[in-house]
Amino acid sequence: MADREHFGSNLTVILAMAGSAIGLGNIWRFPYIAGKYGGAAFILVYIAACIFISVPIFIAEATIGRRSHSNCFGAMKKLAPSPRWKWLGILTVITPIVILSYYSVVGGWSVNYFMVSLVSGFSAYGDSSFASFIGSASRPIVFHTIFLGITALIVMKGIKSGIEKFNKVSLPLLFVMMLLIMVYSLMLPGAKEGVKYLLNPDFHSITPSAIAAALGQSFFSLSLGAGTVLTYASYMKKQENILATGVGTAMGDLLFALIAGFAILPAVFSAGISPGEGPGLIFETLPYIFSRMGMEVPFLSRLISIVFFFSIVMAALTSSISQFEVGVSYLVDEKGCSRRQAVYIVFLFAWFLGAICSLSFGTLSEIKLAGRTVFEFCDQLTSNFLMPLGSILLVIFVGWVMKKADVRDEFTGVGTQTLSGRLFGVFYFLMRYLAPIAILVIFITNLVM
Ligand code: TRP
């Protein structure tokens, strides 16, 4: 086999990991959940959940990837003492492909909205536009195909000249674009209400379900338990710092979620609307706001809408390439495919499942799995079940199955990183005890609720 490719530096690893983490979860999920569960108080809980639980899980997943320098399945073959662990390998290859399928449908919606903002603007946008768009048969599938196709082209170019290069350009650009929108949004009349909604420190709303929500959000947002962290870490060099990668990724992800929150909520409140939940917030409420602003400041609002939807497309792409790479890495390492063949195969799988997800908003809405449409089923199966399952098994693998000395080697860059050396004991404890228990709690909460 040819030499395994590597990311160029620790910074580009962090950019790639942050690219995977930063996505639709930051833009529509975080602001809404933070507001609902107590604003600033929730944000504090969220930060604690990241430090004590999510970052240790991230580090566990990265440890397996870097130790084995293999794809998810190969990692288990190399490191696990018993062949039963291959099921964890299979799980972490399948999960991201399922996520990719429905994520690409939403990515396609973003491309559509970007095109609309570019070509005609939202002036003629009515209340039912979003529902009738996603319920139609051909247009969303065309855009799903375009989105998945762009993802495939980037992945085809490989780690360094594809994934790394794309993240290096798009991530800084993404921050700059969101910051600009934030500044604009904060200057709108009545923007203060949005700031209050996000920052109002209501400690009474910190209930057990708020804590479970903080944990769940940080899992989803950091893409834990889906094999992407493992796969990207397998392209890290030995001397690179896993602790810095985990902390850097979590900080970038949180910062972006906050910027997106301050970009979106002030505009929503300024228009006198209460923030809705889910995709409706960015695809229904915001086009409506853009159409109203368009009457007063046509040029500026048009420009802002173009930049905004372009950012969403970029944020979604940096995540979808990481999901796509997991399957490609598996097929190249384990099945002897060329990169090109592997890309075709993953594309076909995700395209078909994605097309079914897309049609489940219209033509196929009658097909129900466990009482849900195919799209909802794929989303909930992965977020509520497969990702927590993957996470708990990965963290147990590192905490209880791998040799402690090997884990320490990875964590400390073979003993060269002094700060990591000092913190190892703490993180090892978190990985062995606190993280598995916390995941179990979310798991049960999701099952019961
Ligand atoms: N973290 C991504 C976001 O915030 C979404 C995501 C969820 C993801 N699970 C994933 C990305 C698994 C990559 C792999 O939008």
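The structure presented is a predicted model; accordingly, all values stated were derived computationally and were not measured.

What counts and what doesn't
- Residues numbered from 1 in each chain as written.
- Predicted model: local features only at pLDDT ≥ 70, side-chain atom pairs only at ≥ 80, totals over all residues.
- Heavy atoms only, no water.
- Salt bridge = Lys/Arg side-chain N within 4 Å of Asp/Glu carboxyl O.
- Helix = DSSP H or I, 4+ residues; strand = E, 2+ residues; numbered from the N terminus.
- Buried < 20%, exposed > 50% of the residue type's maximum accessible area, 1.4 Å probe, protein only.
- Contact = heavy atoms within 4.5 Å.

A. View of the pattern of salt bridges. In this structure the tally under the stated criterion is 10 salt bridges. Here E334 and K77 are joined by a salt bridge, their closest N and O atoms 2.6 Å apart. Taken together, the residues E334 in helix α14 (residues 298-335) and K77 in helix α4 (residues 72-79) connect sequence positions 257 residues apart. Under the relative-accessibility criterion, E334 is labelled partly exposed at 23%. Between E164 and K168 there is a salt bridge, and its shortest N-O distance comes to 3.8 Å. One end of the pair, E164, and the other, K168, are both in helix α8 (residues 159-186), 4 residues apart, so they sit about a helical turn from each other. Judged by relative accessible area, K168 falls into the partly exposed class, the value being 45%. Connected through shared salt-bridge partners, R66, R67, K238, D406, D409 and E410 make up one network.

B. Highlighting the environment of G194. Assignment of secondary structure puts G194 in helix α9 (residues 192-199). With relative accessibility at 0%, the residue G194 sits in the buried group. The spacing of G194 and G35 is 159 residues in sequence and 9.2 Å in space, taken between C-alpha atoms. Beyond its immediate sequence surroundings of up to four residues, G194 is in contact with L265, P266 and F269.

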